[in-house]
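# Observations on the three-dimensional arrangement
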Amino acid sequence: GQVNYAEFQISVPPGHKAGQIEWPRSAPDPATSFATVQQRALDRVTFVRSVAQRSRAKADVGVFVHGFNYNFQESLFRLAQMAADADIDGVPILFAWPSEAKVTGYIADKDSVTYSRDALADLLTTLAQQRSSGKITVFAHSMGGWLTMEAVRQLRLTGRGSVLARLDVILAAPDIDVDVFRAQMNVI
């Protein structure tokens with residue numbers, strides 16, 4: 001019923017191959033697999049403060065919105081993998097919505113992304129308000145693309161054009177009907 005915030009430190013193994021996640025075969029070993037080496041729960045104020053502190057040293061913020069059939073760990077490790085592969089010198093943020101993380105959960109996932117659009121719009125607004133410079137890039141995959149478009153549409157409908165002006169949005173294999181996409185873009 002509410003947004004949760006956390007901070008994770010993910011190690012990427014020295015022998016990492018671009019485009020892959022080296023999953024642990026048993027106990028995670030940072031020398032051979034992706035591993036969560038540190039995590040802490042945050043409240044909203046601490047999250048915003050932490051992003052602001054980290055983004056002073058790094059110009060850009062990237063928000064990854066995962067797609068259909070992704071669990072939290074997959075989403076978190078995928079963000080770490082993309083950040084490592086692209087050598088991103090920015091603050092990576094995962095916006096994880098509550099996916100069923102199974103092929104048969106498509107309808108439930110569609111409802112979950114609809115439920116999550118207010119939270120994503122709020123996150124993007126907060127990031128835009130807290131940052132005076134640098135890009136805010138949203139990279140959305142699959143059903144996360146639909147969620148992102150709905151959040152961006154909502155930002156336009158609620159008069160938050162200043163937030164939209166700060167965003168670069170990338171949709172990878174968006175799970176959006178072409179006519180729905182055109183209607184969303186007409187509003188945006």
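Keep in mind that what you see is a predicted model, and the values were worked out from it rather than measured. (Residues numbered from 1 in each chain as written. Predicted model: local features only at pLDDT ≥ 70, side-chain atom pairs only at ≥ 80, totals over all residues. Heavy atoms only, no water.)

## Let's talk about the overall build of the protein chain
From N to C terminus, the protein chain includes 6 helices and 6 strands. Each helix (α) and strand (β) of the protein chain, taken in turn from the N terminus, gives the series β-β-α-β-α-β-α-β-α-α-β-α. Its C-alpha atoms give the protein chain a radius of gyration of 17 Å, near enough to 16 Å, the size a compact globule of 188 residues would have. Taking the principal axes of the C-alpha coordinates as reference, the protein chain spans close to 50 × 40 × 30 Å. In the protein chain, which comprises 188 residues, the proportion classed as buried is 40%. Sequence separation of at least 24 residues holds for 76% of the intrachain contacts in the protein chain that already meet a minimum separation of 6. Accessible surface, the protein chain as shown: approximately 10200 Å² in total, 50% of it carbon and sulfur. In the protein chain, the 19 positive side-chain charges and the 19 negative ones have mean positions that sit 6 Å from each other. (Helix = DSSP H or I, 4+ residues; strand = E, 2+ residues; numbered from the N terminus. Rg over C-alpha atoms; globule rule 2.2 N^0.38 Å. Buried < 20%, exposed > 50% of the residue type's maximum accessible area, 1.4 Å probe, protein only. Contact = heavy atoms within 4.5 Å. Areas by Shrake-Rupley, 256 points an atom, 1.4 Å probe, with all protein chains shown as cover. Lys, Arg positive; Asp, Glu negative; His and termini not counted. Charge placed at Lys NZ, Arg CZ, Asp CG, Glu CD.)

## Structural notes on the nonpolar core
Val-63, Val-65 and Ile-93 are the most contacted members of the largest nonpolar core, which has 34 residues in total. Those elements that provide at least two residues to this core are helix H1 (44-57), strand S3 (60-65), strand S4 (90-95), helix H3 (106-130), strand S5 (136-141), helix H4 (143-157) and helix H5 (161-164). When sequence neighbours within four positions are dropped, the list of residues in contact with Ile-93 reads Phe-47, Val-51, Val-61, Gly-62, Val-63, Phe-64, Leu-79, Leu-123 and Leu-127. Core analysis: the second largest hydrophobic core is formed by 9 residues, Ile-10, Ile-21, Phe-77 and Ala-80 among them. (Core = buried A, V, L, I, M, F, W, Y, C linked by side-chain atoms within 4.5 Å.)

## Considering the packing of aromatic side chains
One pass over the full model with this rule turns up 6 aromatic pairs. With 5.2 Å between their ring centres and 70° between their planes, Phe-68 and Tyr-106 make a pair best called edge-to-face. Within this pair, whereas Phe-68 is found in the loop between S3 and helix H2 (72-85), its partner Tyr-106 is found in helix H3, the two being separated by 38 residues in sequence. One aromatic cluster is present, formed by Trp-23, Phe-34 and Phe-77 through successive ring pairs. (Phe/Tyr/Trp six-rings, centres within 6.5 Å; stacked < 30°, edge-to-face > 60°.)

## Here we look at the side chain of Ser-142
You can see Ser-142 is positioned in the loop between S5 and H4. Among the residues examined, Ser-142 registers a relative accessible area of 12% and is labelled buried. In this structure Ser-142 touches Gly-67, Phe-68, Ala-172, Ala-173, Pro-174 and Asp-175, once residues within four positions along its chain are discounted.

## Observations regarding the layout of surface pockets
Reported here for the largest pocket is a volume of approximately 1300 Å³. Along its surface, the largest pocket is lined by 44 residues, and Ala-6, Phe-8, Phe-47, Ile-93 and Leu-94 are the ones closest to its centre. Looking at the lining of the largest pocket, the elements that each hand over two or more residues are strand S1 (5-11), strand S2 (35-42), H1, H2, S4 and H3. It is H3 that provides the largest number of residues to the lining of the largest pocket, a total of 7 residues. Looking at side-chain class alone, the lining of the largest pocket contains 27 nonpolar, 10 polar and 7 charged residues. Taken together, 17 residues line the second largest pocket, and the ones lying closest to its centre are Gly-62, Val-63, Ile-88, Thr-137 and Phe-139. Of all the secondary structure elements, the ones that give two or more residues to the lining of the second largest pocket are S3, H2, S4 and S5. Per-element tally for the lining of the second largest pocket: the top contributor is S3, with 5 residues. (1 Å grid on protein atoms, 1.4 Å probe; cavity = no way out; pocket = protein on both sides within 12 Å on 5 of 7 lines; lining within 4 Å. Points joined across faces, edges and corners; volume = space filled by probe spheres on them. Nonpolar A, V, L, I, M, F, W, Y, C, P; charged D, E, K, R; others polar.)

## Here's the deal with the pattern of salt bridges
Any two side chains of opposite charge can pair if their charged atoms end up close together. Inspection of every chain in the model, using the stated rule, returns 5 salt bridges. Of the charged contacts, one joins Glu-7 and Arg-40 as a salt bridge, the two residues approaching to 2.8 Å between their closest N and O atoms. One end of the pair, Glu-7, is in strand S1; the other, Arg-40, is in strand S2, and 33 residues separate them in sequence. Judged by its relative accessible area of 26%, Glu-7 falls in the partly exposed class. (Salt bridge = Lys/Arg side-chain N within 4 Å of Asp/Glu carboxyl O.)

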